[in-house]
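Okay, here's what each chain looks like letter by letter:
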Amino acid sequence: MQSVSGAKSAVGMESGFKGAASVFKNRRAIVVSGMLLALHIILAMVLGIYLTQSVKFSISFITNVVTGYLFGPWMALVTGALGDILQYLLKPVGGYFFGWTFNAALGGLIYGLTFYRKAPKEEITKAPFNEEKTNFRAADFLSMGIFVVLLAVWFFLPFLDVTTKAGDFAEREILNAGTAFNYVSGAVSESVSTSPKTLAVATLVLILAGGIFALCKKRVFVILSGVVACLWLLLPMYNDRKILAARSGFILLCLGFAVCVLFNLFAVLRERAVDAKFLLRCFLAMLFVAVIVQMFLGTFWCVLMYGKGFWFYFASRSIKSMIQIPFNTVLVYYVIRALKQMRVEEIAR
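Read on for an overview of the structure. (Residues numbered from 1 in each chain as written. Predicted model: local features only at pLDDT ≥ 70, side-chain atom pairs only at ≥ 80, totals over all residues. Heavy atoms only, no water.)

### Examining unusual backbone geometry
The phi torsion at Lys217 lies on the positive side, around 65°, for a residue other than glycine. Look at Lys217 and you get exposed, because its relative accessible area is 55%. Despite not being glycine, Arg343 shows a phi value in the positive range, around 55°. Here Arg343 shows up in the loop between α12 (310-341) and α13 (344-348). The class of Arg343 is partly exposed, set by a relative accessible area of 49%. (Buried < 20%, exposed > 50% of the residue type's maximum accessible area, 1.4 Å probe, protein only. Helix = DSSP H or I, 4+ residues; strand = E, 2+ residues; numbered from the N terminus.)

Structure representation (structure tokens):
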């Protein structure tokens, strides 16, 4: 029996990979892949959001995930490479370097191997009503309480200090200081860095959005808003760390958003509102791409191009990549689930 089942699984895997390779003979698959490639270029070049002057946040990778889900690893590999080449031809910045094309192709391959013909389960066993009701009250009321506390922190506790550049913090001179409200209201004079005011406005918007989502029982959106808040706060703080100093309010805001994200994620998993196994698959795929492709390979290519030490690039690339993992994980999960519910896979073929 074991040999028969093993043979069946081997045949199934072989047919799956053969099907992924034969997709290049399917005109409809090629056309849909071309449309996804065009969408990828648009998202990467036009709709990217600059969190800071040097940090760009983009969701263009999701088109490669969709290509891998629909057509397998080989099509995703090809479209990933073509996407990088076409972006360079349309908007060349510096000289062309094959390493970035290799990274894009490798990312597409990983997405295809991970998600080809894989999707979350549609029917998930719900928890008992009484347990679900208890979880609802605990998760949503605690989330609302956290956002109320964060709003008070935003108004009353010290947010960020703008300082002069110096090796040690003790040697710095404080140029500007105040609460997030002080920076937004103009109570603090103009600063050499615009980050405190920008972060204060973004944080207020995300606090209000998170509170509304919690009130409307939209836990997934509470998770996303919290992840975006942590990303938006930590990245500029890291890039401008030589002239910015975090105060108690900034630290509490970061911790509050993080706690809210973890608590709501735990509540969603406990109530079985998501397919936990597929969510873990999404997380591991995003983690692998972040660590291997973006952090290690990306840093290695930078060393080859610019000649500086490995760790000079590794630290900044690591922080950018790791902070983005939770958002990418949730985005991939719900995009693939939506595609399955709309039966896009059948239409594309």
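Moving on, there is more to tell.
### Describing the sheet that holds strand β5 (residues 244-246)
Taken in spatial order, the 3 strands of this open sheet run β4-β3-β5, and their pairing is antiparallel. In this open sheet, the two strands that pair with only one neighbour each are β4 (174-179) and β5. With direction set aside, neighbouring strand axes in the sheet form an average angle of 20°. Note that strand β3 (residues 158-163) and β5 share 3 bridges and pair antiparallel. Paired with Val162 across the bridge in β5 is Leu244. Of the strands in this sheet, β3 and β5 are in contact with helix α8 (residues 195-215), which crosses β3 at around 160°. Packed on one face of the sheet, helix α10 (residues 248-270) meets β3 and β5 and runs near 125° to β3. (Pairing = 2+ DSSP bridges. Axes fitted to C-alpha atoms, helices over the stretch in contact; angles between N-to-C directions. Contact = heavy atoms within 4.5 Å.)

### A look at the packing of helix α3 (residues 61-71) against helix α4 (residues 73-90)
In contact at an axis separation of 7 Å, α3 and α4 are set at 150° when each is read in the N-to-C sense. It follows from the interaxial angle that α3 and α4 lie roughly antiparallel. Of the two possible hands of crossing, α3 and α4 adopt the one that is right-handed. On α4, the residues touching Asn64, Thr67, Gly68 and Phe71 of α3 are Pro73, Met75, Ala76, Thr79 and Gly80. (Parallel < 35°, antiparallel > 145°, perpendicular 65-115°, else oblique. Left-handed = near helix turned anticlockwise from the far one by under 90°.)

### With respect to the pattern of salt bridges
Evaluation of the coordinates by the stated rule reveals 1 salt bridge. As a salt-bridge pair, Arg247 and Asp161 come within 3.1 Å of each other at their nearest N and O atoms. Placement of the pair is Arg247 in the loop between β5 and α10 and Asp161 in strand β3, with a sequence separation of 86 residues. In this structure Arg247 comes out as partly exposed when scored by relative accessible area, which is 33%. Residue classification places Asp161 among the buried residues on the basis of a relative accessible area of 3%. (Salt bridge = Lys/Arg side-chain N within 4 Å of Asp/Glu carboxyl O.)

### Quick notes on the nonpolar core
Grouped together as the largest cluster of nonpolar side chains are 37 residues, with contacts concentrated most on Val65, Phe115, Met286 and Val332. Put simply, the parts of the chain that give this core at least two residues each are α2 (27-45), α3, α5 (98-115), α9 (219-239), α10, α11 (276-306) and α12. With 8 residues, the single largest contributor to this core is α11. In this structure, Phe115 is in contact with Val65, Gly68, Tyr69, Phe278, Arg281, Cys282, Ala285, Met286, Val332 and Ile336, ignoring residues within four places of it in sequence. Judged by nonpolar contacts, the second largest core, of 28 residues, contains Val153, Val162, Leu206 and Cys254. (Core = buried A, V, L, I, M, F, W, Y, C linked by side-chain atoms within 4.5 Å.)

### Quick look at α5
Across its 18 residues, α5 extends 26 Å between first and last C-alpha, which sits within 8% of the 26 Å expected from 1.5 Å per residue. Restricting attention to buried positions, one finds in α5 the residues Gly99, Thr101, Asn103, Ala105, Gly107, Gly108, Leu109, Ile110, Tyr111, Gly112, Thr114 and Phe115. In the segment just after α5, Arg117 is the residue with positive phi, at about 60°. (Expected span 1.5 Å × (residues − 1).)

### Looking at the packing of aromatic side chains
Taken as a whole and assessed by the stated rule, the structure comprises 16 aromatic pairs. For the ring pair Trp154 and Phe155, a centre distance of 4.9 Å and an interplane angle of 80° mean the geometry is edge-to-face. Since its relative accessible area comes to 32%, Phe155 is described here as partly exposed. When the ring of Tyr333 is compared with that of Tyr334, the centres are 5.0 Å apart and the planes differ by 70°; the resulting orientation is edge-to-face. (Phe/Tyr/Trp six-rings, centres within 6.5 Å; stacked < 30°, edge-to-face > 60°.)

### Digging into α10
Here α10 spans 32 Å end to end across 23 residues, near enough to the 33 Å set by a 1.5 Å rise per residue. Three or more residues of α10 are buried, namely Gly249, Phe250, Leu253, Cys254, Gly256, Phe257, Cys260, Val261, Asn264, Ala267 and Val268. Immediately beyond the C-terminal end of α10, within one or two residues, lies Arg272, with a positive phi of roughly 60°.

### Focus: empty space enclosed by the protein
The tally for this structure, following the rule as stated, stands at 1 cavity of 30 Å³ or more. When its volume is computed, the largest cavity comes out at roughly 70 Å³. Forming the walls of the largest cavity are Val220, Ile223, Leu265, Val268, Val274, Leu279, Val330, Tyr333 and Tyr334. For the lining of the largest cavity, the leading source of residues is α12, giving 3 residues. Split by residue class, the lining of the largest cavity holds 9 nonpolar, no polar and no charged. (1 Å grid on protein atoms, 1.4 Å probe; cavity = no way out; pocket = protein on both sides within 12 Å on 5 of 7 lines; lining within 4 Å. Points joined across faces, edges and corners; volume = space filled by probe spheres on them. Nonpolar A, V, L, I, M, F, W, Y, C, P; charged D, E, K, R; others polar.)

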